[in-house]
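Coordinates in review
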Amino acid sequence: MSISTPSRFQTSTLAAHPNRDQVCQVLEAALQAADPAAAVARHLNLSGQMLTVGDRFYDLDQVEDIYLVGAGKAGTPMALTAAAILADRLTAGLVIVKEGYELRGTPVPSQLKIVAAGHPLPDQRGVNATQELHNLLARASGNDLILCLLSGGASALLTAPAPGITLPDLQHLTSLLLRSGAEISEINTLRKHLETVKGGGLVQAAAPARVTSLILSDVIGDPLDIIASGPTASDASTFTQALDILQKYELTARVAPSILAHLERGEVGAVAETLKPGDPLMNQVQNLVIGSNKQAALAAAQEAARVGFNTRLLSTPLQGEARLVGRILAQAAHDLARDSSPLPRPACLIAGGETTVTVRGDGLGGRNQELALAAVETMNGLADTLLITLATDGGDGPTDAAGALVSGETLTRARAMGLDPAEHLARNDAYPFFDALGDLLKPGPTFTNVNDLVFIFTF
């Protein structure tokens, strides 16, 4: 595979690096492997009256209407590709995407509507669009087919508060959880028990129609009940577990009274649980993961080997507190830079997954930038070594950066500018630190989302 070297990955350090083209090619290979349009095209095919979704066949002579729904950062290219394949067999569709991910100027079929909403905090646009999507599903009958397209970000974009819970209640809870260091599975357990479309809610809303979902995974291990909070999956979690998560992160007294009351009513059976495994409704559902972090990491590793790096892909996914993982990977960079390393220069070590950040300060950044910042001091003085973090969606936390680059010279350059990495780390303030150095990665929206990647290069 030969890949062009786009300028979207250039940083101050990388722009002057003699191996910049090879590095950019490796990063680009990861994103190309997670291309949502290509992923849909690989798994969806219409030939005559036979629609193939993965390994399942649908005879469209037996299907009256086809509705296309979905949400996520990859929603636009996924929806446009699916709509092009379905052509005039598509009855109507609505997909909710993050603002800025609409691909403005691109023609959209008349049957399809693409709506932008807020992320990572849900907003009223998302609530309104979800209600409109729900109304579309209400039109479906047992002779119809719902094609659902899900990708990272859908949990915030597809928002339908349970009765008695307001949008500000959910926004406040989401903000607390994002700052608490909670894992995505824990955050989504709460979401599933506070909203009506998650935890199999979309399947219930579409019944008795059949539902088939194409899913671009942004969760380690690709668990169907956690990706996008599982709108088309059964859910084994409970109201009791949701309450336990609030207690674990000391949030019970900080959430809105309506949220606590709803969860407590659910715990005693006064509110219906989510759709559980074994429910007959799931016999009408097909869930198919069409792209993942592992695919992106493998593609990057293959490209790294092709352009001349001795390559290794870490088998253990990235998890845990970002600053701790950053120090561990910085030590891995030390090991890789030693002549005695079993992976000789030039080398490329790749890790994929998703870390968390417990926010203690008032700074600006994201988990990928925080991981990189935590690596700065340990990597000081390492010759011909780079550590690069990359959020595959192009946006890390509430910033326009996807990650950052660290070299053995980063600390020296920072101190010359009066920047102290420890002080910035204490404030969770990685963005201004790397912005001053010109070493933020700013590829812009990538229109995909399969978690994060970290690359360590030695030359």
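Before reading further, recall that the structure is shown in the block above.
Let us look at the structure shown here.

What counts as what
Residues numbered from 1 in each chain as written. Predicted model: local features only at pLDDT ≥ 70, side-chain atom pairs only at ≥ 80, totals over all residues. Heavy atoms only, no water. Buried < 20%, exposed > 50% of the residue type's maximum accessible area, 1.4 Å probe, protein only. Helix = DSSP H or I, 4+ residues; strand = E, 2+ residues; numbered from the N terminus. Pairing = 2+ DSSP bridges. Core = buried A, V, L, I, M, F, W, Y, C linked by side-chain atoms within 4.5 Å. Contact = heavy atoms within 4.5 Å. Axes fitted to C-alpha atoms, helices over the stretch in contact; angles between N-to-C directions. Polar contact = N/O pair within 3.5 Å; in protein donor to acceptor, adjacent residues only side chain to side chain. Phe/Tyr/Trp six-rings, centres within 6.5 Å; stacked < 30°, edge-to-face > 60°. Expected span 1.5 Å × (residues − 1). Arc of directions from axis to C-beta.

Next up on the list: the pairing of strand β9 (residues 285–291). For β9, the tally of buried residues reaches five of seven residues, placing the bulk of the element in the interior. Relative to β9, strand β8 (residues 210–216) runs parallel, the two sharing six bridges. If you follow Ile215 over to β9, its bridge partner there is Val289.

For the rest of this paragraph, the subject is unusual backbone geometry. Between His119 and the following residue, Pro120, the backbone shows a cis peptide bond with an omega angle of 10 degrees. Along the chain, Pro120 falls in the loop between β6 (112–117) and α5 (124–138). Cis geometry is adopted by the peptide bond preceding Pro346, which originates at Arg345 and carries an omega value of -10 degrees. The phi torsion at Ser229 lies on the positive side, around 65 degrees, for a residue other than glycine. One can find Ser229 in the loop between β8 and α10 (239–248). Relative accessible area serves as the criterion here: at 0%, Ser229 is assigned to the buried category. A positive phi angle, close to 65 degrees, is found at Phe447, a residue other than glycine. Residue classification places Phe447 among the buried residues on the basis of a relative accessible area of 16%.

Ranked by size, the top nonpolar core spans 61 residues in total, and within it Leu27, Leu68, Leu214, Phe455 and Phe457 carry the most contacts. Residues in contact with Leu214, not counting those within four places in the same chain, are Val40, His43, Leu44, Val53, Met78, Leu147, Cys148, Leu149, Leu150, Leu288 and Ile290. Leu318, Leu382, Ala414 and Phe433 belong to the second largest nonpolar core, which has 37 residues in total.

What follows covers the sheet that holds strand β7 (residues 145–150). Taken together, six strands build an open sheet; the order of strands is β6-β5-β4-β7-β8-β9 and the sheet is parallel. The sheet terminates laterally at β6 and β9, the two strands that pair on one side only. Recorded for the sheet is a direction-independent mean angle of 15 degrees between the axes of neighbouring strands. Pairing analysis gives six bridges linking β7 to β8, with the strands arranged parallel. What sits directly across from Leu147, in β8, is Thr212. Here helix α4 (residues 75–86) sits on the sheet and contacts β4 (66–71), β5 (92–98), β6, β7, β8 and β9; the angle it forms with β7, its principal contact strand, is near 150 degrees.

Read from one edge of the open sheet, three strands run β1-β2-β3, paired in antiparallel fashion. Bordering the open sheet on either side are β1 (44–47) and β3 (56–59), each of which pairs with just one other strand. Sheet twist, expressed as the average angle between the axes of neighbouring strands with direction ignored, equals 20 degrees. Across four bridges, the pairing between strand β2 (residues 50–53) and β3 is antiparallel. Bridging across to β3, Met50 finds its partner in Asp59. Each of β1 and β2 touches helix α3 (residues 36–43); the most contacted strand, β1, lies at about 50 degrees to it.

Along the polypeptide, Tyr101 turns up in the loop between β5 and β6. Contact partners of Tyr101, with chain neighbours within four places excluded, come to Lys73, Thr76, Asp393, Gly395, Pro445, Thr446 and Phe447. At a separation of 2.9 Å, a polar atom in the side chain of Tyr101 contacts the main-chain carbonyl oxygen of Asp393.

Moving on: the side chain of Asp429. Within the secondary structure layout, Asp429 lies in the loop between α16 (421–426) and α17 (430–437). The exposure class assigned to Asp429 is buried, which follows from its relative accessible area of 10%. In this structure the side chain of Asp429 is engaged in a polar contact, spanning 2.9 Å, whose partner is the backbone nitrogen of Leu364.

This brings us to the packing of aromatic side chains. Tallied over the full model, the rule gives six aromatic pairs. Both rings, one in Phe309 and one in Phe459, keep their centres 6.0 Å apart while their planes meet at 65 degrees; by these two values the pair is edge-to-face. Placement of the pair is Phe309 in the loop between α12 (293–306) and β10 (310–313) and Phe459 in the segment after β15 (452–458), with a sequence separation of 150 residues. Across the pair, exposure class does not vary: Phe309 and Phe459 are buried alike. Both rings, one in Phe457 and one in Phe459, keep their centres 6.1 Å apart while their planes meet at 10 degrees; by these two values the pair is stacked. By the burial criterion, Phe457 is buried, and Phe459 matches it.

The subject of this paragraph is helix α13 (residues 322–337). Taking 1.5 Å of rise per residue, 16 residues should cover 22 Å, and α13 covers 22 Å from first to last C-alpha, within 8% of that figure. Those residues of α13 lying buried are Ala322, Arg323, Val325, Gly326, Leu329, Ala330, Ala333, Leu336 and Ala337. For α13, the angular spread of buried residues about the axis comes to 150 degrees, placing them on one side. In this structure, the buried residues of α13 make contact with β11 (347–353), α14 (367–375), β12 (385–391), α16 and β15.

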